[in-house]
Each structure stands twice: as structure tokens, then as C-alpha cells.
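# Residue-level structure breakdown
Okay, here's what each chain looks like letter by letter:
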Amino acid sequence: MLAAIVGGGLVGCRVGQPQPPPRAAARSILPTAPLGPAPRPADNAFDADERVSMERKPLGRRDSRRAPVVGDWALVMGPWDSGGIADLHAEPSDASRRLRQLLLGATVAIEAEKNGWCAVRSRAPDDAAGWVRCDDLTRGSDLVRERWESDPKVVVVRAPALVVGPCHVPFGAVLPFAEGSAADDARVLLPDGRWLELQARDEAPWPPGLPAEAAVRAARGFRGIRYADGGNSWQSMDDIGLIRLVLWSSGVIAPRDSNALASAGDLASDFRAGDVVVFADRRRALHPVLVVDPETGAFLEASPSRGVALDTLEQRHHYGVAMHRRFEVAGARHGSTASAE
Amino acid sequence: MRRLIAATIVAGLAATACNHATEEVPTEHGLPAQNVAPTLEEARRLADDGDLSAAASKLEEIVSAHATDRDVDEAELLLGRIRLQQRRHVDAVAALKSAASGSVAPEYAKMLFVRAVVDGNLAQFQEEALGIARDLPAQLDPETKPLLAEELSTHVVELLLARGRLAEGAEAGRSHLRAWPTGKRSDSVRWMTADALDRLGDQAGAFELYDSIWHDTPSSPWAARANERLEALASRGIGRPRALTADARVAFASSLQRAGLHESAVRECNLALADAPAGEAAESALVALARSLRDLRRNRECAAAADRLRTMSPSSRHLPDAALAAVGALRRTKATGEIQEWARVVQARFPRDERTAQILYDVATYCMSEVSRAEGEQRLEALVASAPAGPLADDALWKLAWARRNAGDTAGAVSRLSAILTEHPKSGFRKAALYWYGRFIAESDRAKAVESWQSLLREAPNDYYGHHAAEELLNLGVRDSTMGNGMAFPPIDSFDDPSRHPDWPHYPTAVHLARLGLDDFAADELRAIPQAAAEPSMQFVLARLLARSGRPAEARKILRAQFEDFLTAGSRDPSLVPPEFWHACYPFNHRTTIVRTLADSRLAGTQLDEYLVASLIRMESGFEPDAVSPVGAIGLMQLMPATAGRIASDRGLAPPTREDLFDPDVNIHYGVDELGRLVHRFGGDWFPAICAYNAGEEAVSGWWEKARPDVKQDEFIENIPYSDTRLYIKQILGDYRNYQWIYGQSSD
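Residues numbered from 1 in each chain as written. Chains lettered and ligands numbered in written order. Predicted model: local features only at pLDDT ≥ 70, side-chain atom pairs only at ≥ 80, totals over all residues. Heavy atoms only, no water.

### Some points on the overall build of chain A
- The helix and strand inventory of chain A stands at 4 helices and 21 strands.
- Looking at chain A residue by residue over its 341 residues, the buried ones come to 64%.
- Within chain A, residue pairs in contact and separated by at least 24 positions form 66% of the contacts whose partners lie at least 6 positions apart.
- For chain A, the accessible surface area stands at approximately 12600 Å², while carbon and sulfur atoms represent 49% of it. (Helix = DSSP H or I, 4+ residues; strand = E, 2+ residues; numbered from the N terminus. Buried < 20%, exposed > 50% of the residue type's maximum accessible area, 1.4 Å probe, protein only. Contact = heavy atoms within 4.5 Å. Areas by Shrake-Rupley, 256 points an atom, 1.4 Å probe, with all protein chains shown as cover.)

### A few points about the overall build of chain B
- Each helix and strand counted, chain B has 39 helices and 0 strands in total.
- The C-alpha atoms of chain B give a radius of gyration of 30 Å, which matches the 27 Å a tight globule of 748 residues would have.
- Dimensions of chain B along its principal axes, counting C-alpha atoms only, are 85 × 80 × 60 Å.
- Put simply, of all contacts in chain B between residues at least 6 apart along the chain, 58% involve residues at least 24 apart.
- A total accessible area of about 31900 Å² is found for chain B, and carbon and sulfur atoms account for 51% of it.
- For chain B, the distance from the average site of its 85 positive side-chain charges to the average site of its 106 negative ones is 5 Å. (Rg over C-alpha atoms; globule rule 2.2 N^0.38 Å. Lys, Arg positive; Asp, Glu negative; His and termini not counted. Charge placed at Lys NZ, Arg CZ, Asp CG, Glu CD.)

### A word on helix 8 (residues 145–162) of chain B
Residues and elements named next belong to chain B.
- Between its terminal C-alpha atoms helix 8 stretches 25 Å, which fits the 26 Å expected from 18 residues at 1.5 Å a residue.
- Counting buried positions along helix 8 yields 13 of 18 residues, so the element is predominantly enclosed.
- After helix 8 finishes, the residue Gly164 shows a positive phi value of roughly 80°. (Expected span 1.5 Å × (residues − 1).)

### Quick word on the confidence of the model for chain A
Residue and element names in this part refer to chain A.
- Of the residues in chain A, 68% reach a pLDDT of 70 or more, and the chain-wide mean stands at 72.
- Note that residues 1–65 has pLDDT below 50 and, in this model, 169 contacts with residues that lie over four places away or in other chains.
- Confidence over residues 330–341 falls short of pLDDT 50; this stretch has 26 contacts with residues more than four positions distant or in other chains. (pLDDT = per-residue confidence, 0-100.)

### As for the sheet that holds strand 13 (residues 203–206) of chain A
Residues and elements named next belong to chain A.
- Pairing within the open sheet is antiparallel, and its 3 strands lie in the order 10-7-13. In this open sheet, the two strands that pair with only one neighbour each are strand 10 (174–176) and strand 13. When the angles between neighbouring strand axes are averaged without regard to direction, this sheet yields 35°.
- Sheet analysis places strand 7 (residues 153–156) next to strand 10, joined by 3 bridges and oriented antiparallel. Counterpart to Val155 in the pairing with strand 10 is Val174. (Pairing = 2+ DSSP bridges. Axes fitted to C-alpha atoms, helices over the stretch in contact; angles between N-to-C directions.)

### A few points about the environment of Arg133 of chain A
Residue and element names in this part refer to chain A.
- Looking at where Arg133 falls in the secondary structure, it is placed in strand 6 (residues 129–133).
- Put simply, Arg133 and Val76 are 57 residues apart on the chain and 10.0 Å apart in space, counted from C-alpha to C-alpha.
- In contact with Arg133, other than residues within four places in its own chain, are Asp94, Gly116 and Trp117.
- In this structure the side chain of Arg133 is engaged in a polar contact, spanning 2.6 Å, whose partner is the side chain of Asp94. (Polar contact = N/O pair within 3.5 Å; in protein donor to acceptor, adjacent residues only side chain to side chain.)

### Some remarks on the packing of helix 9 (residues 166–179) of chain B against helix 10 (residues 186–200) of chain B
Residue and element names in this part refer to chain B.
- Two elements in contact, helix 9 and helix 10, have axes separated by 9 Å at closest approach and are oriented at 145°. Where helix 9 crosses over helix 10, the handedness of that crossing is left-handed. In this structure, helix 9 contributes Leu166, Ala167, Ala170, Gly173, Arg174, His176 and Leu177 to the contact, and helix 10 contributes Ser186, Val189, Arg190, Thr193, Ala196, Leu197, Arg199 and Leu200.
- Partitioning the contact of helix 9 with helix 10 into residue classes produces 8 nonpolar, 4 polar and 3 charged. (Left-handed = near helix turned anticlockwise from the far one by under 90°. Nonpolar A, V, L, I, M, F, W, Y, C, P; charged D, E, K, R; others polar.)

### Some thoughts on the pattern of salt bridges
Residue and element names in this part refer to chain B.
- Per the stated rule, a full pass over the model turns up 76 salt bridges over all chains.
- The residue Arg500 makes a salt bridge to Asp493 at a minimum N-O spacing of 2.7 Å.
- Because the salt bridges share partners, they merge into one network encompassing Glu127, Arg134, Arg163, Arg165 and Glu168. (Salt bridge = Lys/Arg side-chain N within 4 Å of Asp/Glu carboxyl O.)

### Digging into the pairing of strand 18 (residues 298–303) of chain A
All names here are of chain A.
- Within strand 18, 6 of the 6 residues are buried, which leaves it mostly tucked inside the rest of the structure.
- Alternating positions in strand 18 separate into two faces, Ala298, Leu300 and Ala302 on one and Phe299, Glu301 and Ser303 on the other, with burial throughout.
- As defined by bridge partners, strand 17 (residues 286–293) adjoins strand 18 across 3 bridges and the pair is classed as antiparallel. In the sheet register, Asp293 faces strand 18, and the bridge partner there is Ala298.
- Taking the residues that link successive antiparallel strands as the turn, the strand 17-strand 18 hairpin has 4 residues, and the phi of Gly297 there is positive, at about 75°.
- In the sheet, strand 18 pairs with strand 19 (residues 307–312) via 6 bridges, with the strands oriented antiparallel. Considered in strand 19, the bridge of Ser303 is made with Gly307.
- If you look at the hairpin formed by strand 18 and strand 19, you'll find 3 residues sitting between the two strands.

### Description of the environment of Trp703 of chain B
- Mapped onto the elements of the fold, Trp703 of chain B is located in helix 37 (residues 697–706).
- Residues within four places of Trp703 of chain B in sequence aside, it is in contact with Ala695, Phe716, Ile720, Pro721, Tyr722 and Thr725 of chain B.

Written out as C-alpha cells, the structure is:
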């Protein structure tokens, strides 16, 4: 099916004018065997699957035989069983602190290389410096850059992820249209040049992304995802990672720091879906949450005790509301917007 | 409520509008400034909430501020009581000496003074305390004297012996045992007296008392030591071992087993078998032997004892008991063939015996994990079909549901959960089954899922599963679900009017003592009122007094016995169930210490808050500072001395003593430190850290890091291999939400 990207080359792919493929069916990701190590798909495990069609283009691709070029651009393409996500670490080591997760297709500039790790500076929405495994990046950047910079794109808005076979295309991944894509038939390009057809309900044109209300409705799909520092995907989530990811899907780049978040965007006093409320506890620690239903006072948060979960303002009455912010693509003064990137 | 929230927010916004700079956000939630002199009422309120450190500092301010004499007397009495509860004995004695010469309940100040001197082993005050302990009974009110006399008599013995006055001590001990032969302190007095007689050279007298401790009260803390002394004296030809029949020896072995003294139980069983190699007594002895050997993990010997019984008497009525022990031991050695053989034997000979059902259940779960899932499921199915309705059948259905779920057969899981709900309405798995039934069918049948979760909210709104059901309903936008049983709590006695029950003895004294903060004395007075035992409102007052005086385990026992319905299904509506009830159920003693310790720890600035620490303490020790676990974990947060030693060593400090760890402040300090280390170990995620606090970090890191990353947290919890840890984490997460709503509003 989808993956088979590692060292894929052109073997087994269809060239010329591919027939319109059947749509990739998104389905629940509830696992069948919750415990035990996740199986890693073999390199060519999905080539024979007829439900997904992909055409590989000689664009950038992962190739561990080629050294990364410092100063080059690259696209994030982690292992498929991680949904193409790459962890960004503070040091060139898995044991170092994870700063955040870079989503499939994120653009990075390679600044250095050391023992199989690349020092990168990522662009929006992450806008961060750190280390990723070089194997999680594409090589050969000119065409990549051209396509990723110029083509119209879509953002994946299926939470917690769009599941294609054993692969999870992450919520928030921004991917360019592939050639021959029709308006109601979004065929998107993957960083190694294959394409994947998305159903309309799983994507939104980028920019501007989803309206705030639709974004938080979609984000309810993250409920139950476990909490871990530096998480911002279906694998794990931290409090600010959740908020930034959902805002990103509606075209807003929010700060990653709680204090900065509490003063970004616009001050608001009436509740709307997509507003960020920042609670403060007795110790003045800040807890940002995302309003999902103004009527019930329901909000979504990533909490260490429950993972991503809904709660109500009533239940959290013991916290004070330190800030109530609204982020809108047009007119945002403090947060920047994706369209401005 | 919406209006209230809006008002809070507006206030928050107003506060922040002036301070737009990010570093100056939230300001309104710090502790309020205290510029006025504290009052006794404030100090009492803090003490009532269990905030002993804050109460004590306010009382010290009152004493040093030269308030009215009466206020100072009251403050010193309460301060002495609090310092004693904090195990700060020298400080307690200082306050109580003053209070004892004051005008407010001086007899209780004296009583507490004696306690402080004895508990703190304060040599310089022992003679003074001895005089008080001897004279005080004559000064007590005739109604109160019987409540305190036994304790004072014990203190006389303790103080005499501490001063080295052995003969007087032994005589006082004997006199005490004549007056209270089965009193609650007679075990310790018997030991002290025997020890004194031994040291005085009256070994025959000592032998008699040691023998009584060993044979009559083997579960007392002194039993093992008494037995050592007995054996030493017997080896010198002093005293004669108690002659026991084989039957009596087996009964004694069973008492030893219950006290955890398995080596001794094995010895007694072997002696019984030597006396009676066959017959009923021998069969009972073999069962007792097999059980003790199983608990000693001498697995092959345990299996051999059970085999011996099967050979000796194949139709013995004791055979299923022996089989149960043997299967338990054989599971550890993975002796699959022998385990299956035992299942076959008991099923053939005792097909309808409850013990057989238990064995079949154990064998099925063994097969599930060690042989094959198919055989395990087959055995569980057979058990469900044949076993009487009860906990085993419920458990089997629950395990089958998850086996089906994990095999990808959610419909199979739903049918098992449905069977629990319809055929076993009293099942202990009902809450879990209601929740997961809803989860598994929500996509296909929304209405049924909603119905299931609404039932759960009515039956157990304050449980882990209740909280999850509320979230699921919130997600579906379902409102107006009834939470709880809707019952009104019985009226609570405000306990402020001594004349409310003129016919009840002890009542006025109890009210007076409670008003002075002498809660434990008030509780004892209240317990002595015969009419109060049948009055729920008085039982609730008693539970509160016990909880406040540092005896939460006794309080919890009363709450469970009298108010079970409210514990599981009580409404949160304060017009139905008063906040005092929830405060008693969910104690929050030492709150200030917890908050300050967190603020000074590496957990500062994280989301791990005082409510989580409170839930953990409630689970670990029930807020009992003196709690000791069978493996030696100590105090509120159940710290192992080695763990505390490691933390101290990492910081270049001397390791805390065992006594130190009973001090709530010290215990919380080390416990929070350990929790912080675990949270750090798991990358800032405190869910696995809490699991690791119970199951150890190695086990948890194995489960956590190998789990598929897309497994939702609630499903992960149901698949934790250790059942203790599964229950532990669910209890803590459920309690955490309860602490949040119960104490949130009063978070000053």
C-alpha cells in the first residue's frame, strides 16, 4: 500500500497515465493488538495493494547511501510506521530531549551533519532548530523545493491520522497536489514522489486550511492519545503541541511557549470554538486548552493524567482563567499566519 | 454556572489587561497576604483541614502575641496536640507543660504530655510524666475515667521500665493484665512485663507470658520474638513446651499462617504429621503445609505435600484446598502438565465445588498466558458455562471480552460485556463493562452507548469509569445526564451544642473536646455513647473526628460501613450531599506541605499538582502516617527506606532514619522527590511515572515503550499485565478528578 518508500526507486511503479485509483479508505485506528511492539512494514509491503495508487517521481527521496548536503533543503519523511514523522531532538541522540515532532513533508534546511544526525532548522509550523536522523530526510532538493514552494497544497485534517493500511498520514501534514489532480479528487504528492488520493473530508486547501470550528471538531479525533513531552501527533501529544497543531490546520502559527501563547492572538471575552483559554493554577503554572463547544463549556486538552481529553470549564473551576485568546487568519496581531509565511 | 464562569473570566481578564507582558500573567491565584493577627478559629479551621504546619504556625503567633489568657491556654493545648500528631515531641512537651497549668482542660493537656514523653522517649521528663500518669485517673470525671485509664496504666508500665525500675514495672504490668486481660494494649503490656521479668531473673514467670504471647496471639508484633525467647529458655531447661494435640497443632499452624509466620507453620504441620501420620488431622496438616510452602515459594515441596494428600486419601474433602495451593506453586515453575492434571482431578471428583471453580479459573488464566490463547479461552468459556454466578464467572467473562477484543473480534467482546451486564448485575466488573460496552458499540449504536454511559453516571459518577463516561457523553454533546443516586444525605449534627442530647452520657464532654480541637478524645467519648451507634449523623461526626485526629483508617471503615451508597453514587450537588462528607472521604491532610514541597521540587512548573499527590497518598497509605506495608514501605507515601537512602545519598545527605520517614513532612519530601525522578525518567509524562511508583520503573518502561503508540490510554490501562497496578492507576486517576472538584473551590 502506501509505504514501500524506503529505497523504493522506480521498481514496480506504474508509469505513464495511471488509472484513477480507488479512494484510500480512512478507518478507525483502534488497534487489534494493543500491546507488544508495533510491526514495522517491509520496504515493499504495500506495492501490491490496489487500494492506493502512487506514482513515483524522481524527486527527492530517502537514500541512506547518499550523504546529506549541508546547506541543502530537504523534506521530512520519517519511517512509514511512524506516519513519516521525525522526532526533533535537542542533541544528536535518541536519548536527548525531544523538542517536538516534525510532520511528513515539513521543509527543513540542513545546517550540519554528525554521526547520521542532521542539524536542521525547520520552517513553519515548527520553526525550530534541532537534530533529526538524516535517514528521516529526503535528499536532492531542487525539484523538491520547487514543488513544495510553488504548488498549491492541502492539509491533512483527519485526526488522529489518516490511516492507509498500517500507515498513518499525520493530521496537519501539508502536501502539494500531484499532477493531474482534480478539484474534487485531491491527489497529493508525497516527499518521495509517489502520490496518494485523499477523500475530500480528509483534507482542506492550504492556505487557508479549515475554519476554526471545523478544525476543533476534527481535533476531537485525538481523544485518548497519550501525553508525552514534545509530542504533536497521533503518537503522543503535549499540551501546547495539541493547540499549535490544531491552530496550524486552520492556518495559524501559534507560539510554542505557554507564556507567549497567553499573549498572542487577540483578547476575547465571548467563547467561540477554536479559542485558546489559558488556565493558571495555584502555583501559577499555565495550562492552555482549546475551546470546542461554547454551549457546554467543553474544551480539549492534552493532560498528563488522561492524555488528550475533553473537559468542561465547570470541572476546572479551581483554576483561574489567566487568558482567553482568539486566533484568526485575518487580523491576527500577535500570532503569525501560515499565509504570511 | 455559565454566568459564574464568565464572571471569573472577566475578573481574570481585568487582572491581565493591565499586565500584558507575558511574564506577568496570572496574578490572582497566589496565597493571600496575611496582615491581620490570626485567630483561634483560623487555626482550628486549618487543623480541621489537616493543614497542621499552617495551623501550628498560627497558634505559635497567638501564643507569642500575648492574647487573652484563655486564648493562650487554648492555643497551647491545640498546639501541643498538633505537635504530637506531627511527632515533634519536644515542641509538644513545651506547649503542653504550659497548657497543663492553664485553665482550659488541663487534665487533657496532662494526658497529652504523658503521651508525648512516652512516644518521644524524653528521658528528662519521664519522672514527671510518671507522677502525672499515676495521679491523673483520680482527677478524671467518672464518666471519662474508664476511657483513659487503660492507656494511663500502660504509660505507667512503660515509664517505669524506661527509668529502669524493673520490679515496679513488672508488678504494674501484672496488675494491668489482671485489670485488662484482653484490652487493646494488653499485647504490648504482656511483652513488656515478660521482658522485665526475664531481666529480673524470674524466668519461669517470663516463660509463662512468652508462651501466652506465642500461642494465644501469634499475630501480635511481639510473637516471633517471644518464640525466640521461649526457645532460648527451653534450651536451658526452663519451662515446658505447651503440649498440643495434632488437631490443636494444625489450628495453631493456621493462626501462624494468618500472621505470616510460615516457617513456624511448616514446623508445626510437620510435628502434627509426626504425631498423626494419617486421618483427618493429617489431611488438614498437609493442606496447611502446602499453603505455607506455597507462600514461602518452596514450590516443589508444596506440590509434593499436595501429592501426598492425593495419594493418602484420594477423596479427601481437603483435596481441592491442597490443589489450589499446588496450582499456585506450579504456575511459578510453569509445570503445565501437572497443572492440567490437577484441574482434571478436581473436576472429576469435586465438579460442583466452589474451590474447583477457582482452580479451573487459575488454570485457564495460566493457559491464556503460558500455553495458548485458544486453550485459555476454551477453559474460560467452560468455566462460565459451569460455574455458579459469582466473581469467578464475572472475571472469566471480563477476561474473555478482552481476549476477543485483542484478537480483533470486537463483536465477541461486546457479547461478553453484555453477558456481564445482563446476567451478573452485581458484578464487580459492572462499571468497567458499562463503560467499555459503550465504547465498543458507540460507532454502530449511538443510542445504546449513551444509555450505557448514562447508567454508569447514575451508578458511579465519582469513579474512574464514571469520569470517562462523562467525557464520552460530553463528546457526543449529550447533556442533562443524571449524576449519582439523587439521595439526600442524612442531616449532619453540627456538634456545637452540648445540650442537644440531654439524655446521652458523654455527649456534652465530646462536644466540648471537639471544640477545643481534641478530636481523638472527643471521638472516644462519642464511641462510648450507646445511642450514637444507631445514628448515621453521629457516625458521620465520629468519622470526621477520627479523620481529623490522624486516624483516617478508622474513619474510612465507618464511612464504608455506613455510607457506601454515597461513596459510590453520591451526588455532587451540595444541597443533597454536604461538602463535609466529601472532605471526610477524600482527606487532604498536610496540604500546605504538599504544595510547598511540589513548588520546591523538580516538578515545579509541571502539570503535576497537589491533587495528584493527594490521590497518590490516599491510595498508598489512606493518609495514615504510621502505615507500614508487608514489604516494609513506610508512611504517607509508602517509601522504602532504601529508596529514601538513595535519594539522600544522591544529594550528599545522611540517609533518613526509619523514624524520620514516619514524619509526614519528611515522607512527603522524599516521596515527591522520587515521583519527580520518575516523571523525568518518563520524559515528563506522569501517567507511566505513577504506574512505576507502584510497579517499578523497569516493568512499566517495558509496557509503555513497547505499546503501540496509537493505543489509547484507557485501553492501555486495561491491558496492564499486573492487576494490582491496573487497579492502582484507575483508583488514582479517578480520585484525582474527585480531589479536583472537591477541593478546587477552596484552593484559597
